[in-house]
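A closer look at the structure
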Amino acid sequence: MPAAIRLVQGFLASIGAAVLGLCQTTGSLTLFALDGVSHVLRPPWYPMEFARQLLRIGYFSLPVVGLTALFTGGALALQIYAGGARFNAESVVPSIVAIGMVRELGPVLGGLMVAGRVSASIAAELGTMRVTEQIDALWTLSTNPMKYLVAPRLLAATLAMPALAFVGDVIGIMGGFAVGVARLDFNPAVYIDTTWRFLETGDITSGLIKAAVFGFIIALMGCYQGYRSGRGAQGVGRATTNAVVSASILILASNYILTEALFPA
Amino acid sequence: MIALSGVAKAFGSKRVLAGVDLSVARGESLVIIGGSGTGKSVTLKCVLGLIVPDAGRILVDGQDAVAARGRAREAMLDKFGMLFQGGALFDSMLVWENVAFRLLRGQNRLGRAEARETAIEKLKRVGLTAETADLFPAELSGGMQKRVGLARAIATTPEIIFFDEPTTGLDPIMADVINDLIREIVVEMGATAMTITHDMTSVRKIADRVAMLHEGVIQWAGPVGEIDTTENPYVHQFVNGLPDGPIAAVR
Ligand SMILES: Nc1ncnc2c1ncn2[C@@H]1O[C@H](COP(=O)(O)OP(=O)(O)O)[C@@H](O)[C@H]1O
Ligand SMILES: [Mg+2]
């Protein structure tokens, strides 16, 4: 009997430890985020660093986001056609593809793909800089690394991600259009017309707001994990994995919360 | 100018510093000696505020170095130059941009052409040619990276300079050049210097005073002239590289 009690106690203790750890991480992540944002708002700024990050996070993510959207839009058209056919509603394909891409799939799938690419590379870069004392060296050269490294990345990702999502929306709708016309015998003019008719401005802006939040999360998790990286190559490896996993989960969780907030049922 | 009292630091259960008392006067060159892993680098990083000590006080020019935050901390660090043990060069920047990092930023920033010229001049002082200026740090050997780090540390002629193992990884001739350079910086620029080294030739060349760190405390500190005559068993064993003594060879 005492053995069973000990087992339960151990189990409860491990849950308690996990909860405490979670609270601690949430606290330090929040402080880190506030510190980073405060440096985005206060001079001195480093415009060259910002431009470099914009190029790296925004421009070089275009192929990934574009391909993701293209194939998703195509698959979406096929699925909605198959689903719609069950109650003779095949004609909804263009509008549902457009609304689905713009409101949900463009920002979320784009965000997840960019998380894999950018969170990982930011975490690896900052982690290596931590391990090789480059972050310490910045301090000794009177440069605050939160301002020089973290702030430009946060701002660049927050601004680049909506632009990427917008490009993704357009390409995704084009993917749906291509499949609709080539495989599902839609009339091209009718397809385009239906796409536009039911799409509202709110659909687009809400998707872009989501994307901005996801962009912030992507850079934040990359910076946070990299900045606090443990020692050695092992520490950097762990930081990189943690950055991608935590950014992806936070994107999905915040997507639900944002959807509730933007489109209350 | 710099005064440490009772500085203690542990990483997890591992106690590295256990009450370090040390002071360096203005314009003085202090050398810290001690076995590897005894916390010499940690001591310097505590003064720079890169590691927060668990206990103790650190004063730089009478100012509390540990409590300094924000602008006050940046103003304090403006006085410092630091050569890191591993060089800590920014690998995304060219060599000259590394050396000129501080010259290119801040209130009194120089234009790129002027900063580049100053950087090349500093590179020459540490025995590197102008051609190295346009390479990336990864293209240099370890010893060359170290010298670039040195050039970066002295680029703005700071009041206080820390050198973490400046001659490790250099050939004896280049090591001698660097020793002379450090001595020159202290004498000519009137800088206050703290240097970590294992190299007894360096110690004799660079130091005004020597401090020996072992088991988390300063075991001995005194003028460089006394390192050969002191009765202190730690210093005696270290200076003469003896296998027997209070410092166990296997730890
Ligand atoms: N950031 C850190 N985290 C954990 N342990 C550290 C850290 N920095 C240094 N240490 C440990 O402190 C000890 C002293 O390190 P250090 O000051 O670098 O030695 P040295 O005297 O050779 O310069 C070493 O055992 C090292 O592993
Ligand atoms: Mg060291």
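Note that the structure is a prediction, hence the values are computed from the model and not measured.

Now for the overall build of chain A. Counting secondary structure elements, chain A contains nine helices and zero strands. Of the regular secondary structure in chain A, the N- to C-terminal order runs α-α-α-α-α-α-α-α-α. Over its C-alpha atoms, taken along the principal directions, chain A stretches across nearly 65 × 65 × 35 Å. The proportion of buried residues among the 265 residues of chain A is 46%.

What follows is about the overall build of chain B. Counting its secondary structure elements, chain B contains eight helices and 10 strands. Since a compact globule built from 251 residues should have a radius of gyration of about 18 Å, the 18 Å found for chain B is in line with a globular shape. With respect to the three principal axes, the spread of C-alpha positions in chain B is 55 × 40 × 35 Å. Sorting the 251 residues of chain B into buried and exposed places 54% on the buried side. Looking at chain B as shown, the accessible area adds up to about 10,800 Å², and 51% of this sits on carbon and sulfur atoms. Averaging the positions of the 27 positive and the 30 negative side-chain charges in chain B gives two centres separated by 6 Å.

Moving on, we come to the UniProt feature "transmembrane region" (unreviewed entry) in chain A. Residues and elements named next belong to chain A. The UniProt record marks residues 57-78, 154-184, 204-227 and 239-258 with the feature "transmembrane region" (unreviewed entry), using the residue numbering of this structure. Structurally, residues 57-78 comprises 82% helix and 0% strand, and the distance from its first C-alpha atom to its last is 31 Å. Secondary structure across residues 204-227 comprises 100% helix and 0% strand; the distance between its end C-alpha atoms is 34 Å.

On to the pairing of strand E7 (residues 160-164) of chain B, then. Residues and elements named next belong to chain B. Counting buried residues in E7 gives five out of five residues, a clear majority hidden from the surface. Alternating residues of E7 divide into Ile160, Phe162 and Asp164 and Ile161 and Phe163, and every residue in both groups is buried. Both strand E6 (residues 80-83) and E7 contribute to a ladder of four bridges, which runs parallel. Across the sheet, Phe80 pairs through a bridge with Ile160, a residue of E7. Pairing of E7 with strand E8 (residues 192-196) involves five bridges; the strand directions are parallel. By the bridge assignment, Phe163 is partnered in E8 with Thr195.

Attention shifts here to the sheet that holds strand E4 (residues 55-60) of chain B. Residue and element names in this part refer to chain B. What the four strands build is an open sheet, ordered E2-E1-E4-E5; its pairing is antiparallel. Two strands in the sheet have a free side with no partner beyond their single neighbour: strand E2 (14-24) and strand E5 (63-64). Bridge count between strand E1 (residues 2-11) and E4: five bridges; the pairing is antiparallel. For Ile2, the partnering residue across the bridge sits in E4 and is Val60. On the sheet, helix H1 (residues 40-47) packs against E1, E2 and E4 and is oriented at approximately 120 degrees with respect to E1.

Right, let's talk about the pattern of salt bridges for a bit. Any two side chains of opposite charge can pair, given that their charged atoms come close. Residues and elements named next belong to chain B. Enumeration according to the criterion identifies 20 salt bridges over all chains in this entry. Arg112 is paired through a salt bridge with Glu97; the nearest N and O atoms lie 2.9 Å apart. One end of the pair, Arg112, is in helix H4 (residues 112-125); the other, Glu97, is in helix H3 (residues 95-99), with 15 residues separating them in the sequence. With a relative accessible area of 17%, Glu97 lands in the buried category. For the salt bridge of Asp180 with Lys205, the shortest nitrogen-to-oxygen distance reads 3.6 Å. Within this pair, whereas Asp180 is found in helix H6 (residues 172-189), its partner Lys205 is found in helix H7 (residues 200-206), the two being separated by 25 residues in sequence. By relative accessible area, which is 34% here, Asp180 ends up partly exposed. Connected through shared salt-bridge partners, Arg26, Asp61, Lys79 and Glu159 make up one network.

Residue and element names in this part refer to chain B. Summarising the metal site, the magnesium ion (ligand 2) is bound by the protein donors Ser41 (OG) and Gln85 (OE1), whose distances to it range over 2.0 to 2.2 Å. Within this pair, whereas Ser41 is found in helix H1, its partner Gln85 is found in the loop between E6 and H3, the two being separated by 44 residues in sequence. With a relative accessible area of 19%, Ser41 lands in the buried category.

A few words on helix H5 (residues 142-154) of chain B. When the terminal C-alpha atoms of H5 of chain B are compared, their 19 Å separation across 13 residues agrees well with the 18 Å that a helix rising 1.5 Å per residue should span. For H5 of chain B, the tally of buried residues reaches 10 of 13 residues, placing the bulk of the element in the interior. Taken residue by residue, H5 of chain B has Gly143, Lys146, Arg147, Val148, Gly149, Leu150, Ala151, Arg152, Ala153 and Ile154 of chain B as its buried positions. Against the buried residues of H5 of chain B lie helix H5 (134-140) of chain A together with E6, H3, H4, E7 and H6 of chain B.

Attention now moves to unusual backbone geometry. Leave glycine aside and you will find that most residues have negative phi; peptide bonds, for their part, are mostly trans. A cis geometry characterises the amide bond from Pro43 of chain A onward to Pro44 of chain A, with omega recorded as 0 degrees. You will see that Glu215 of chain B, though not glycine, has its phi angle at about 50 degrees, which is positive. Within the secondary structure, Glu215 of chain B sits in the loop between strand E9 (209-214) and strand E10 (217-223). By relative accessible area, which is 58% here, Glu215 of chain B ends up exposed.

A separate point is the side chain of Arg153 of chain A. Residues and elements named next belong to chain A. Mapping Arg153 onto the fold places it in helix H6 (residues 145-182). For Arg153, the side chain forms a polar contact with the side chain of Glu125, separated by 2.8 Å. Of the polar contacts made by the side chain of Arg153, one reaches the backbone oxygen of Leu149; its length is 2.9 Å. Those residues in contact with Arg153 that sit more than four places away from it in its chain are Glu49, Gln53, Arg56, Ile57, Ile122, Glu125, Leu126, Tyr148, Ala219 and Cys223.

Residues and elements named next belong to chain B. Ile2, Leu22, Phe80, Phe162 and Met194 are the most contacted members of the largest nonpolar core, which totals 81 residues. Setting aside residues no more than four positions away along its own chain, Phe162 makes contact with Ile2, Leu44, Val47, Leu48, Phe80, Gly81, Met82, Leu83 and Met194. Formed by 50 residues, the second largest nonpolar core is a distinct cluster that contains Val31, Leu104, Ala133 and Leu150.

Bringing the site of ligand 1 into the picture now. Residues in contact with ligand 1, as listed here, are Arg231 of chain A together with Phe11, Lys14, Val16, Gly35, Ser36, Gly37, Thr38, Gly39, Lys40, Ser41 and Val42 of chain B. More than a single chain frames ligand 1: its nearby residues are located in chains A and B. Within the side chain of Arg231 of chain A, an N or O atom sits 3.4 Å from an oxygen atom of ligand 1. At 3.0 Å from an oxygen atom of ligand 1 is found a main-chain nitrogen or oxygen belonging to Gly39 of chain B. Summarising the interface, the protein chains cover 74% of the accessible area of ligand 1, which totals 560 Å² for the free molecule. Elements with a contribution of two residues or more to the shell around ligand 1: E2 and H1 of chain B. The leading source of residues in the shell around ligand 1 is H1 of chain B, at three residues. A breakdown of the residues in the shell around ligand 1 according to their chemical character gives three nonpolar, six polar and three charged.

Rules and cut-offs
- Residues numbered from 1 in each chain as written.
- Chains lettered and ligands numbered in written order.
- Predicted model: local features only at pLDDT ≥ 70, side-chain atom pairs only at ≥ 80, totals over all residues.
- Heavy atoms only, no water.
- Helix = DSSP H or I, 4+ residues; strand = E, 2+ residues; numbered from the N terminus.
- Buried < 20%, exposed > 50% of the residue type's maximum accessible area, 1.4 Å probe, protein only.
- Rg over C-alpha atoms; globule rule 2.2 N^0.38 Å.
- Areas by Shrake-Rupley, 256 points an atom, 1.4 Å probe, with all protein chains shown as cover.
- Lys, Arg positive; Asp, Glu negative; His and termini not counted.
- Charge placed at Lys NZ, Arg CZ, Asp CG, Glu CD.
- UniProt positions renumbered as here; feature names shortened; annotations may be inferred.
- Pairing = 2+ DSSP bridges.
- Contact = heavy atoms within 4.5 Å.
- Axes fitted to C-alpha atoms, helices over the stretch in contact; angles between N-to-C directions.
- Salt bridge = Lys/Arg side-chain N within 4 Å of Asp/Glu carboxyl O.
- Donors = N, O, S within 2.8 Å, 3.2 Å for Na, K, Ca; no water.
- Expected span 1.5 Å × (residues − 1).
- Polar contact = N/O pair within 3.5 Å; in protein donor to acceptor, adjacent residues only side chain to side chain.
- Core = buried A, V, L, I, M, F, W, Y, C linked by side-chain atoms within 4.5 Å.
- Near = heavy atom within 4 Å.
- Nonpolar A, V, L, I, M, F, W, Y, C, P; charged D, E, K, R; others polar.

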